[in-house]
Amino acid sequence: MNTVLRTQLAGVARRPSRLLLTGLAVLVASFVVFATVLAQQITERSVLAGLSGTPEAADLVIRNGAIDDKQLAAINAIPGVSRTAARLGIGSQMGGQYLNVTSDPGSGPLALVSVTEGRYPAANGEIAVTPRTVQLLGLSVGSTATIDPGTGKKVALKVVGVVTPPEDFGYDAYAPAAGVLALSTDPYIQQVDVDVDAGTDAGPVRDRITAVFAANKADERPEVATGADVRLDEARRAATQIDQLFAVVGMFVAIAVAAAGLIAASTFRIVFAQRMRQLALLRAVGAGRGATFRALAAEGALTGLVTGVTGVLAALGVGHLVPAVARAFGFTSVLSPGVPVLPAVGTVLLAVVISVVAVLAPAVSASRVAPLEALRTAAGTGARTGIGALRWIAGLLPLAAALALAGYVFVNLPTPNEENYDAQTMLLAVVASGALAFVALIALGPVLVRPVLVVAGWPLRRLGPVGRLAVGGVGGSARRAAAVSVVVALGVTLVAGVLVGGASIRALGNRELAASAPADFEMTGSEGTVLPDEFIDRAKGSKELTRVTPYRRLGTAKVGQFEQVAITDLDVSALPRLRDLDVRSGSVDDLRPGGAVLARYLAEMGNLGVGDSVEVQNGKKSVSLTVVAVLGDDAPLHAGLLVKPADLTAMGAGAGWSGMLADASADGASARTEALRAMRAISGGNGDFTVNVLADQRDELNSELAVVLAIALGLIGLTVLIAVVGVGATTALSVVERVRESGLLRAIGMSRGGLRAMLTSESALYGVIGAILGLALGVPYAWLALQAIGVNAPLSVPVWQLAGAFLVLVALTALAGVLPARRAAKVSPVIALGTE
């Protein structure tokens, strides 16, 4: 064994580049794993260093109890207390809008906000607002906000400044604690931050503060905690969220590691096949199968060790470079990750394990080849296109299990409003089915490559000899093509699943928002107030607004067993977003006088369907309507019925408008801001009328979905990166293996450009085959997963996004083959023909 092992290791020492090339996927996986560890270290350290909600200057924090203004004065009088900041907040109504008023000193080390315009409030009756509040509520500097702080009395507050807060929700105002206390019906402070004099021991000060509350009841006695403990508690809560985030990241990293193992197994198989003559000579001079296998396994372990250490060192370098670059750009709170030794050792061991596991099957195959057979075999890999009986069984059994699980989920998909449905179990079944389908794809890949290649390679064959040679090169090594394409397919499956899932969820969100937010803005009056016709005329005459649609609403009707059912006569055809309404049966376009569109709950509870009659009572008036459509949720504006104006009048509705919907006349934030100002100007500052920004609901959905999709695609990109690296490594090894073939093609007249094009096309074909297989798996499983979790989202296939992902992946795999192709084209035909 020692002789065989020394021979193999000597060969590795002579060609270290081949070792790195063989383990390139493992190197990238090691880099990704350790980089993830360092990213978590950087994030948690930065959070623990001060990304909490309590100011760094707060040495003590008094919280979780009742604190009155006299006790606050007593605390300020304690020797050693430099300053305090009382924290409290109240919620108030401002003409139908919500305004939250929070206390803050506005300046100094205990302040959480900073003034960006005007000044900070200095007297009762003054407030400073946030930038988003200026935009949404129209409270600019110099304006007056008339609020009801819960007392039933109107209080006028003058806006004197704009401040930047820790978080801006669009309904926030700030003032000194005395100003907020003057508005509050509860005379107690919720929290006090205490800054102790420099050089003063906080312990005795803490004891004196605790003594201030000795007279309080035990359950009303506040806790006096150190600022460090409070910040650490806040940071730990944030760190818990970070741990949850990195747990999800870890799942995607695990997928990338599995992909690296598949690529490594493929590259080991290629390398061992190229060295078949050497292995056969060792067998011929007495090396046994066991010794040969152990030597090859040791080579795999050495590959894992070298690539693992290289990947860890590279990640460590980048990890320490990131904080330095961040600080150079002004992000001083980003800290260094240190040197986590145990994770580094674990990552190297993981790389060794991946390589050893990956090398086992190729080593077994290489050690079993008879010496004479190997001596007669030219260096070639993957030339066998078929698979044996055991591999057929290994592919068909998981395929049958995958189909059975998918069929079980499909048969047991939930009906609308089904109770006690176990969505988590069904989703796990879908995931298990997908995993089994992928295992089947690994085993049956060589069989599937040929038919996919027949279709995918047709355009290349039409381009001439270079294209036909490229297709033949991939088809002649079906096993190799399958090994690489399967990893590409894994990445495409995940990408397709995310894109289809995201598009379907967006379609579901748009469908639900069509009823609740059919326009950008809505103006309504207080209870019993109707919109004057002049408001409608002003809106229609405004160049900032379009699709102005007034409506009436009746909220006192009785339908079946339901009292106080809301009914509206909103014109569905006037607002394009209402075309996305979730119509379960019938058609909204069929609505005529005498007809009604029903919300789902009314149809289900009344057992009503299209064509049935529904009786509507409002006081002494009764109207019989025919159901023309049933919706999947509420009717527009959360109504139960949608009817024509004549029918609503017959029910007793007055002629005055209940509300008005309108869209901004142009897209973009500035156009919407101008439209919002125009809507507010229509009422002339009358507090009885409120403008609601319905577009915020759509913006929130789109922004959250965009963030989730970006994160998911970024994480999936790890697997795609491994796949692209695998394509590059396979092409590079293929170039080494096919030197004589390249020389022969050059000798019979193929140009260097033609050879480069042929090898690059082969790399691109790996991406095409993998992308086709990935789409075939990703789209159906995305739909099944959506249905399994019971969200009832419509299948939405983003064709252009999928086509873009397809082309990008094919381009990346083609680029991965460019450097090996250039290297092959530079070899002289004479030298290539003389190569063994």
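Residues numbered from 1 in each chain as written. Predicted model: local features only at pLDDT ≥ 70, side-chain atom pairs only at ≥ 80, totals over all residues. Heavy atoms only, no water.

Student: Would you take a moment to explain the overall build of the protein for this structure?
Tutor: Scanning the protein from N- to C-terminus turns up 27 helices and 22 strands. Here the protein displays about 38200 Å² of accessible surface, and carbon together with sulfur accounts for 60% of that area. (Helix = DSSP H or I, 4+ residues; strand = E, 2+ residues; numbered from the N terminus. Areas by Shrake-Rupley, 256 points an atom, 1.4 Å probe, with all protein chains shown as cover.)

Student: Could you clarify how one ought to interpret the pattern of salt bridges in this entry?
Tutor: Charged atoms that come close allow side chains of opposite charge to pair. Summed over the entire model, instances satisfying the criterion amount to 14 salt bridges. Two residues, R83 and D195, come together in a salt bridge whose shortest N-O distance is 2.4 Å. Highlighted residues: R83 in strand β2 (residues 81-87) and D195 in strand β10 (residues 189-196), separated in sequence by 112 residues. Of the residues examined, R83 reaches a relative accessible area of 35% and is grouped as partly exposed. (Salt bridge = Lys/Arg side-chain N within 4 Å of Asp/Glu carboxyl O. Buried < 20%, exposed > 50% of the residue type's maximum accessible area, 1.4 Å probe, protein only.)

Student: Where do I start with the packing of aromatic side chains in this structure?
Tutor: A ring pair, where both rings are aromatic, is described by two values, the distance of the centres and the angle of the planes. All chains considered together, the criterion is met by five aromatic pairs. Taking 6.0 Å as the distance between ring centres and 20° as the angle between the ring planes, the aromatic pair formed by F169 and Y171 counts as stacked. For F169, a relative accessible area of 46% corresponds to the partly exposed category. A relative accessible area of 34% means that Y171 is categorised as partly exposed. (Phe/Tyr/Trp six-rings, centres within 6.5 Å; stacked < 30°, edge-to-face > 60°.)

Student: Explain the environment of V691 to me, please; I cannot follow it from the model alone.
Tutor: With respect to the secondary-structure elements, V691 resides in strand β22 (residues 689-693). For V691, a relative accessible area of 6% gives the class buried. In this structure the C-alpha to C-alpha distance between V691 and M660, which are 31 residues apart in sequence, comes to 9.4 Å. Apart from residues lying up to four places away in sequence, V691 is in contact with Q97, E522, M523, L676, M679 and R680. (Contact = heavy atoms within 4.5 Å.)

Student: Would you mind showing me how to read the sheet that holds β2 here?
Tutor: Sheet strands pair via backbone hydrogen bonds, and the direction of the pair is either parallel or antiparallel. If you trace the four strands from one edge of the open sheet to the other, you get β2-β10-β1-β11, paired in antiparallel fashion. Here the strands that pair on one side only, and so sit at the sheet edges, are β2 and β11 (223-226). For this sheet, the mean angle separating the axes of adjacent strands, direction not counted, is 20°. As defined by bridge partners, strand β1 (residues 60-67) adjoins β10 across five bridges and the pair is classed as antiparallel. Across the sheet, the residue bridging to I62 is V192, located in β10. Helix α4 (residues 69-76) rests against β1, β2 and β10 of the sheet, and its axis sits at about 160° to β2. (Pairing = 2+ DSSP bridges. Axes fitted to C-alpha atoms, helices over the stretch in contact; angles between N-to-C directions.)

Student: Would you take a moment to explain the pairing of strand β3 (residues 89-94) for this structure?
Tutor: Each regular strand shows side chains that alternate between the opposite faces of the sheet. Of the two faces of β3, the one holding I90, S92 and M94 is buried and the one holding G89, G91 and Q93 is not buried anywhere. Of the strand pairs in this sheet, β3 and strand β4 (residues 97-103) are connected by six bridges, and their pairing is antiparallel. The residue of β4 that forms the bridge with G91 is N100.

Student: I'm lost on the packing of helix α14 (residues 423-456) against helix α24 (residues 752-788) in this one. Help?
Tutor: Geometrically, a packed helix pair is captured by the angle between its two axes and the distance between the axes. Put simply, α14 and α24 touch, their axes get as near as 9 Å, and they point 155° apart. Judged by the inter-axis angle, α14 sits roughly antiparallel to α24. Handedness of the α14/α24 crossing: right-handed. In contact with A423, M426, L427, V430, S433, G434, A437, L441, V449, V452, L453 and A456 of α14, α24 contributes L765, V768, I769, I772, L773, L777, Y781, L784, A785 and A788. (Parallel < 35°, antiparallel > 145°, perpendicular 65-115°, else oblique. Left-handed = near helix turned anticlockwise from the far one by under 90°.)

Student: Looking at this model, I keep getting lost on the side chain of N618. Mind explaining?
Tutor: Along the chain, N618 turns up in strand β18 (residues 613-618). Residue class for N618 comes out buried when judged on its relative accessible area of 13%. Of note is the side chain of N618, whose polar atom sits 2.7 Å from the backbone oxygen of M651. Among all residues touching N618, those that are not within four sequence positions of it are L554, T556, A557, M651 and G652. (Polar contact = N/O pair within 3.5 Å; in protein donor to acceptor, adjacent residues only side chain to side chain.)

Student: Would you take a moment to explain the sheet that holds strand β12 (residues 521-525) for this structure?
Tutor: Here four strands make up an open sheet; going across it, the order is β13-β21-β12-β22 and the pairing antiparallel. Since the sheet does not close on itself, it has two edges, and those belong to β13 (545-551) and β22, each with one partner. Across the sheet, the mean angle separating the axes of adjacent strands is 20° when strand polarity is ignored. Pairing geometry for β12 and strand β21 (residues 659-664), over four bridges, is antiparallel. Following the sheet pairing, F521 is matched in β21 by A662. On the sheet, helix α18 (residues 533-541) packs against β12, β13, β21 and β22 and is oriented at approximately 160° with respect to β13. Sitting on the sheet, helix α21 (residues 669-682) touches β12, β13, β21 and β22, and the angle it makes with β12 is about 15°.

Student: Teacher, can you tell me more about the pairing of β10 here?
Tutor: When you tally the buried positions in β10, you get six out of eight residues, the bulk of the element. The sheet contact formed by β2 and β10 spans six bridges and is antiparallel. Bridged to R83 within β10 is D195.

Student: For this particular structure, what's the right way to read the confidence of the model for the protein?
Tutor: Detailed reading of the predicted coordinates is not advisable wherever pLDDT falls low. Per-residue pLDDT for the protein averages 80, and the proportion of residues at 70 or more is 84%. Within the protein, helix α12 (residues 371-376) has the poorest average pLDDT of any element, 55, and strand β6 (residues 126-129) the best, 94. In this model residues 377-383 is a low-confidence stretch, pLDDT under 50, and it forms 20 contacts with partners more than four residues away in sequence or in other chains. (pLDDT = per-residue confidence, 0-100.)

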